[in-house]
Amino acid sequence: MKGDWKKWLLTGLMLTAPAASAATVWEPRLRISAEERYDDDLRLGGPDATGGQLMTKLSPRVGVQGRDGRLDLNSFYAADVLMRHGSGKVTLDHRGGLELRHLLSRRLRVDSNVRVFRVTDPMSLPRDGLARSTSPTFYTQARVGLTGRATDRMDVRVGYGLEAVRILEDGQKAGYAHTPSLELMYRTTRRLTLGMEYRYQGFLYDNELSQSHGVAGTLRYRLTRPTTFIARAGPVRYLAPTGQEGGWVPRVNLELAREGELFDLGVAVGHDLVGASGFANALWADYATVSLARRFNHQLSAFGAASFFRNGRAPGRDWSTFSSTPLVSQGYAVGGGVEYRFSRQVAAQGAVDRIAQVGVADSAGVAGDLTRNVFAVRLIVTAW
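The shown structure was predicted, so the numbers you read here are calculated from the model rather than taken from an experiment. (Residues numbered from 1 in each chain as written. Predicted model: local features only at pLDDT ≥ 70, side-chain atom pairs only at ≥ 80, totals over all residues. Heavy atoms only, no water.)

Colleague: I'd love a proper account of the overall build of the chain, names of residues and values included.
Modeller: Summing up its helical and strand segments, the chain has one helix and 18 strands in all. Counting over 384 residues, the chain shows a buried share of 43%. Within the chain, residue pairs in contact and separated by at least 24 positions form 56% of the contacts whose partners lie at least 6 positions apart. Carbon and sulfur atoms make up 60% of the accessible area of the chain, which amounts to about 19,200 Å² in all. (Helix = DSSP H or I, 4+ residues; strand = E, 2+ residues; numbered from the N terminus. Buried < 20%, exposed > 50% of the residue type's maximum accessible area, 1.4 Å probe, protein only. Contact = heavy atoms within 4.5 Å. Areas by Shrake-Rupley, 256 points an atom, 1.4 Å probe, with all protein chains shown as cover.)

Here's what the structure looks like:
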């Protein structure tokens, strides 16, 4: 629920006629951020740690953008070097991504989004509720979709999603979630779009495959020019591996997004099946997130976010139990900060984050909770 989710939320299915043919413009991108932070997670200091640590983080990011009348491409690679002053430990994380939107014709569009992470801190991954270990983690998420205009009012979309995760410690297996889907969207008015979706999920972990088949109705309504509401709901049939419990799962997702000149807001709540956790085949998940940004002028802005999650064994093991149990994990994250732009190229930020992850399931092999507080100041320089 983090990162670039608003772009996916606000991208409609309506295709537009491509502009006149023009040469593709390719532009390199370079951004460097330097951060000083305090983190009170004792685990980051090793077994003899007695308190939090001051850290220096350097993050160079390079990328390429390509645009013309039909193509919009954005790619990047970033390295995160974290130097812990207390223990003297230095770690290197890697992040990469690719976003593509291409109009193949007046009625056909392809879009994709790929993100790859190799991090020493799994809580830095752009997802809620699945980081139950402090071990280094490899994670990738990929989506690709092909949208065609069947009629003046109806669009047909074929999509495929992939998630893969591997907790990088002895004895851990890779987990995968494959999600193909087919969706029909019908524009009843200029503001209202209705749709139906079929979704298949294949969860693979430790040579065991579980599956789900689900259908859902979709309602997309533009409340105002910058504000869109989306509701999706339907039943999901979960087919567990041999010897495990299967059953029906409700799928519910409500999203509200606003992107304005001075104020942005994003809200999402829901219940669904998720996979690629790195320690189980499939999980049920409750989630709620809120993010906002307020621009006071061209230089000063503020931002904040909060999220809550619950995870348990699919299809609904201990779902009605809100206290901590060996099979249910729950927690929250909250944070905020301010940004001041000295120029188009230079900005400074101050941020505070608190992450509380309690009731960790026995299968994760982590005792206690993973609560931590982070205080950071950073300087961001966009060279070009």
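Colleague: Residues and numbers for the pairing of strand S5 (residues 108–119), please.
Modeller: Judged from the 10 bridges that link them, strand S4 (residues 90–103) and S5 form a sheet pairing that is antiparallel. From the neighbouring strand, Leu-103 faces S5, where its bridge partner is Arg-109. (Pairing = 2+ DSSP bridges.)

Colleague: Residues and numbers for the nonpolar core, please.
Modeller: Among the nonpolar cores identified, the biggest contains 14 residues, and Phe-203, Tyr-238 and Leu-273 are the most heavily contacted of them. At the level of elements, S5 and strand S11 (227–239) are the ones that each hand at least two residues to this core. Ignoring sequence-local partners within four residues, the contact set of Phe-203 consists of Tyr-176, Ala-177, Glu-208, Leu-209, Ser-210, Ser-212, Tyr-238, Leu-273, Val-274, Gly-275, Asn-281 and Ala-282. (Core = buried A, V, L, I, M, F, W, Y, C linked by side-chain atoms within 4.5 Å.)

Colleague: Quick one: what's the story with the pattern of salt bridges, residue by residue and with numbers?
Modeller: Where side chains of opposite charge bring their charged atoms close, a pairing between them can arise. Taken as a whole and assessed by the stated rule, the structure comprises 19 salt bridges. A salt bridge links Glu-27 to Arg-29; its shortest N-O distance comes to 2.7 Å. Looking at Arg-29, the relative accessible area reads 30%, which means it is partly exposed. Here the salt bridges do not stand alone but share partners, grouping Glu-183, Glu-197, Arg-199, Arg-232, Arg-251 and Asp-272 into one network. (Salt bridge = Lys/Arg side-chain N within 4 Å of Asp/Glu carboxyl O.)

Colleague: Break down a nonpolar patch on the surface for me, citing the residues and quoting the values.
Modeller: Taken together, the side chains of Leu-104, Leu-146, Val-158, Leu-182, Met-196, Tyr-198 and Val-215 make up a nonpolar region of the molecular surface, amounting to roughly 590 Å² of accessible area. Relative to the elements of secondary structure, Val-215 occurs in strand S10 (residues 208–224). Its relative accessible area of 39% is what places Val-215 among the partly exposed residues. (Patch = residues over 30% accessible without salt bridge, like charges linked within 9 Å, V, L, I, M, F, W, Y side chains within 5 Å.)

Colleague: Explain unusual backbone geometry to me, and be specific about the residues and the numbers.
Modeller: The omega torsion across Ala-314 and Pro-315 is 5°, close enough to zero to call that bond cis. One non-glycine residue, Asp-206, adopts positive backbone phi at about 55°. Relative to the elements of secondary structure, Asp-206 occurs in the loop between strand S9 (192–205) and S10. Phi is positive for Ala-276, which is not a glycine, with a value near 55°. Take Ala-276: it is sitting in the loop between strand S13 (263–274) and strand S14 (283–295).

Colleague: Please provide a residue-by-residue account of the environment of Asp-206, values included.
Modeller: A relative accessible area of 41% places Asp-206 in the partly exposed class. Excluding its chain neighbours within four sequence positions, the residues that come into contact with Asp-206 are Lys-173 and Ala-174.

Colleague: Can you lay out the confidence of the model for the chain for me, pointing to particular residues and giving the numbers?
Modeller: Predicted confidence across the chain gives a mean pLDDT of 87, with 85% of residues reaching 70 or more. Helix H1 (residues 5–10) is the least confidently modelled element of the chain, averaging 40 in pLDDT, while S11 averages 98, the highest of any element. Within the model, pLDDT remains below 50 along residues 362–367, and this stretch shows nine contacts once partners closer than five positions in the same chain are excluded. (pLDDT = per-residue confidence, 0-100.)

Colleague: Provide a residue-level description of the packing of aromatic side chains, including the pertinent values.
Modeller: For the coordinates displayed, the defined rule picks out three aromatic pairs. For the cation-ring pair, Arg-61 lies above Phe-76, with the distance from its terminal atom to the ring centre recorded as 3.8 Å. (Phe/Tyr/Trp six-rings, centres within 6.5 Å; stacked < 30°, edge-to-face > 60°. Lys NZ or Arg CZ within 6 Å of the ring centre and 35° of its normal.)

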